[in-house]
Amino acid sequence: MKIAVLSGKGGTGKTLVSVNLAAVAKESIYIDCDVEEPNGHLYFKPEDIESEEISIKIPFVDETLCHGCRKCTDFCRFNALAYINKLIVFDEVCHSCGGCVLICPEKALAEKEKIIGEVQSGVSEKVTVITGILNTGEASGIPIIKKLLSHLAENKGLSFIDCPPGSACIVMESIKDADYCIFVAEPTLFGVHNLNMVYELVTLFDKPHGVVLNKCLEGENPAEKFCLEKGIKILGKIPFDNELGTLNSNALIAVREEIKYRDMFSSLLQMVTEEVQA
Amino acid sequence: MKIAMPVDDKSMETTVCQSFGRTPYFLIYDTESKESVFLDNSAAASQGGAGIKAAQTIVDNKVSALLTPRCGENAAEVMKATHIQMYKTINDSIKDNIEALNAGNLSLLDEIHAGFHNHGEK
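Here's what I pulled together on the structure shown here.

What counts as what
Residues numbered from 1 in each chain as written. Chains lettered and ligands numbered in written order. Predicted model: local features only at pLDDT ≥ 70, side-chain atom pairs only at ≥ 80, totals over all residues. Helix = DSSP H or I, 4+ residues; strand = E, 2+ residues; numbered from the N terminus. Buried ≥ 20, exposed ≤ 12 C-beta atoms within 10 Å, placed from the backbone. Contact = placed C-beta atoms within 7 Å. Nonpolar A, V, L, I, M, F, W, Y, C, P; charged D, E, K, R; others polar. Core = buried A, V, L, I, M, F, W, Y, C linked by C-beta atoms within 7 Å.

1. Some points on the overall build of chain B
When helices and strands are tallied, chain B shows three helices and five strands. Moving toward the C terminus, one meets the helices and strands of chain B in the order β-β-β-α-β-α-β-α. For chain B, the spread of C-alpha atoms along the principal axes amounts to about 35 × 25 × 25 Å. In chain B, which comprises 122 residues, the proportion classed as buried is 39%. Taking as baseline every contact in chain B between residues at least 6 positions apart, the subset at least 24 positions apart corresponds to 47%.

2. Focus on the interface of chain B and chain A
Taken together, the 15 residues of chain B in the interface contact 11 residues of chain A. At the level of secondary structure, the elements contributing two or more residues to the side of chain B that touches chain A comprise α1 (50-60) and α2 (73-80) of chain B. In terms of residue class, the side of chain B that touches chain A is made up of seven nonpolar, seven polar and one charged.

3. Some points on the nonpolar core
Counting 72 residues, the largest nonpolar core has V5, I182 and F183 of chain A as the members making the most contacts within it. Once you skip the residues sitting within four places of it in the chain, I182 of chain A turns out to touch I3, V5, V17, G210, V212, L235 and V272 of chain A. If you look at the next biggest cluster of nonpolar residues, it comprises 48 residues, including C104 of chain A together with M5, L66 and I94 of chain B.

Don't take any of this as a statement about function, it's just geometry.
Listed below in structure tokens is the structure:
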């Protein structure tokens, strides 16, 4: 059972929810797909870490073979190639489709590996913690997410995918194989706007979904109102709680520290499990 | 001398476009014959790499100078491989800029921005 946790903006509590759900489950896999700034590992502090470098393929030209026909520059829809007396390749613009190499009539183009980041996996109690790390300055984390999710291909157990914020390609890639999506939303109008972004995305992907309302205060909750209007299942509410916030900002996993949080996230997990099986 | 300028419309009365890579048109102007040609910028609708493609168009038109308010780093990288001089426009009037160039009053464009890459330029 693959459960993705997402939100339209950063800081709503995706990591809080996914880390605590993974930790409260008997045995699970936690995957940090927020490759630009992965932080789940700060809570789990996994041991026995194994790392694997992730690379992409970038074309390079043999200038003795290139005749300047420009079939490759015309083909490249990302405009990663220019021909000014010789072929210029813009590595950061290249999307590694390999089309230029296929199309070159002189076989002047070949591919070289370029390392863009790594995947680390380790263990924290009964949680397998897998973290994707994109090197600073790289354009796309998609190849890292693909590698991360390949760890789930054979897995039949419970897994939690901590998604990047927003609703761009990188989020689509992260939820592609998910069986269920959990949105984490803040009780503000801005929170509603961001919730709507991921709600629209997930609806487009036709994934079953529900909401966790985080940072709940007394009084009106615009995010809750939005869910009621749209008929989105409310899975649970997390109060705006100083103690929980303190544990979290000290990089502690609340369910491992306090019985009341274990109970809170256990019932949330129970609720999610029932929803997935429904 | 043949020069190029990003412009907002196909007319000498229009304004200089603030974007190089995503300008709708390029003016190719011959300072001797005073002939003007307007090119559609095929890079304008690109998903990415617009500056690279636009720079390729400029190079292919064999101009000697490019007059532009701004230029991104990828386009500048393409221009660097050529002998085309890049000048910074002084205002948004095409005529003022051509006159300034002829009078030797335009300065070279030396500030290259890091590009907008999906942040601001759509």
